[in-house]
Amino acid sequence: MKVFPFKIPKSGEEPLLYQEDIEVSFYDKLHQHEEIQISFIKKGEGVIFTGDTILQYREGDVLVIGSHLPHVFRTDIQENKTSIMLTLFFTFDSFGKDFFKLPIFKNIHPFIESTKNGFITHDAPKKMVKCFNKLKKADAYSRFILFLEIVKWLSMSENK
């Protein structure tokens, strides 16, 4: 199966992009992109094929998909129910080449490593869900702070 290279649409020099997908089915083409993807499944369920792994996702899960990692969503379409996914896209160089190498980020190094293969966290903690729900109305600075909170929670969560 051919993997489609995909460019995340950005306006300007945004280091962190927020996207909200409200669809019956999420993007269903096998694709890859440079950006790391952190997606919260607000509503919906299905299967994601990422690299050589197949995982079930459902409402309340957080998916982390690494840079250039081929993936495709297969949304479980039941009675044309709407699915909702809240996503952040970034690269580890988005905030400066050495930003995540600062000593203050040593506790998130396991998260950084685990993005290479991607992972899923089932039943995100309520505090992380609150962060995702605030992203849409947040200005760029607040969105960055929320992103750091989400990364902190992901670095402490149980992942598959």
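Predicted model only: the values in this text are computed from it and were never measured. (Residues numbered from 1 in each chain as written. Predicted model: local features only at pLDDT ≥ 70, side-chain atom pairs only at ≥ 80, totals over all residues. Heavy atoms only, no water.)

**Side note on the overall build of the chain**
Part 1: Within the chain, the regular secondary structure consists of three helices and 10 strands.
Part 2: Counting helices and strands in the order they occur from the N terminus, the chain gives β-β-β-β-β-β-β-β-β-α-β-α-α.
Part 3: Against the compact-globule benchmark of 15 Å for 160 residues, the chain has a radius of gyration of 15 Å, which places it among compact chains.
Part 4: When its C-alpha atoms are laid out on the principal axes, the chain stretches across 50 × 35 × 35 Å.
Part 5: Of all intrachain contacts in the chain linking residues separated by at least 6 positions in sequence, the fraction that spans at least 24 positions is 75%.
Part 6: For the chain, the accessible surface area stands at approximately 9300 Å², while carbon and sulfur atoms represent 54% of it. (Helix = DSSP H or I, 4+ residues; strand = E, 2+ residues; numbered from the N terminus. Rg over C-alpha atoms; globule rule 2.2 N^0.38 Å. Contact = heavy atoms within 4.5 Å. Areas by Shrake-Rupley, 256 points an atom, 1.4 Å probe, with all protein chains shown as cover.)

**Some details on unusual backbone geometry**
Part 1: Positive phi, close to 60°, is recorded for His68, a residue that is not glycine.
Part 2: As for its placement among the helices and strands, His68 is situated in the loop between strand 7 (62-65) and strand 8 (71-75).
Part 3: Look at His68 and you get partly exposed, because its relative accessible area is 48%.
Part 4: In this model, Asp123 sits at a positive phi of 50°, which is unusual for a non-glycine residue.
Part 5: The residue Asp123 is located in the loop between strand 10 (119-121) and helix 2 (126-134) in this model. (Buried < 20%, exposed > 50% of the residue type's maximum accessible area, 1.4 Å probe, protein only.)

**Focus: the sheet that holds strand 9 (residues 83-90)**
Whether parallel or antiparallel, the strands of a sheet pair through hydrogen bonds between backbone atoms.
Part 1: Read from one edge of the open sheet, five strands run 2-9-4-7-10, paired in antiparallel fashion. Looking at which strands have only one partner, the edges of the open sheet turn out to be strand 2 (17-23) and strand 10. Each neighbouring strand pair of the sheet contributes to a mean axis angle of 20°, computed without reference to strand direction.
Part 2: Relative to strand 10, strand 7 is paired through three bridges, and the arrangement is antiparallel. Within strand 10, the residue paired with Leu63 across the bridge is Ile120. (Pairing = 2+ DSSP bridges. Axes fitted to C-alpha atoms, helices over the stretch in contact; angles between N-to-C directions.)

**A few points about the packing of aromatic side chains**
To describe a pair of aromatic rings, one takes the distance between the centres and the angle between the planes.
Part 1: Taken as a whole and assessed by the stated rule, the structure comprises 16 aromatic pairs.
Part 2: Between the aromatic rings of Tyr57 and Phe73, the centroid separation amounts to 5.8 Å while the plane-to-plane angle is 80°, which identifies the pairing as edge-to-face. Of this pair, Tyr57 sits in strand 6 (residues 53-57) while Phe73 sits in strand 8; the two residues are 16 residues apart in sequence, bridging distant segments of the chain.
Part 3: A residue is classified by how much of its surface remains accessible, and Tyr57, at 2% relative accessible area, is buried.
Part 4: Since its relative accessible area comes to 3%, Phe73 is described here as buried.
Part 5: Note on Phe99 and Phe144: the rings are 5.9 Å apart at their centroids and 55° apart in plane angle, and the pair reads as tilted. Of the two residues, Phe99 is situated in the loop between strand 9 and helix 1 (109-114) and Phe144 in helix 3 (residues 140-156); the sequence distance between them amounts to 45 residues. (Phe/Tyr/Trp six-rings, centres within 6.5 Å; stacked < 30°, edge-to-face > 60°.)

Scope: geometric values only; no functional claims are made or implied.
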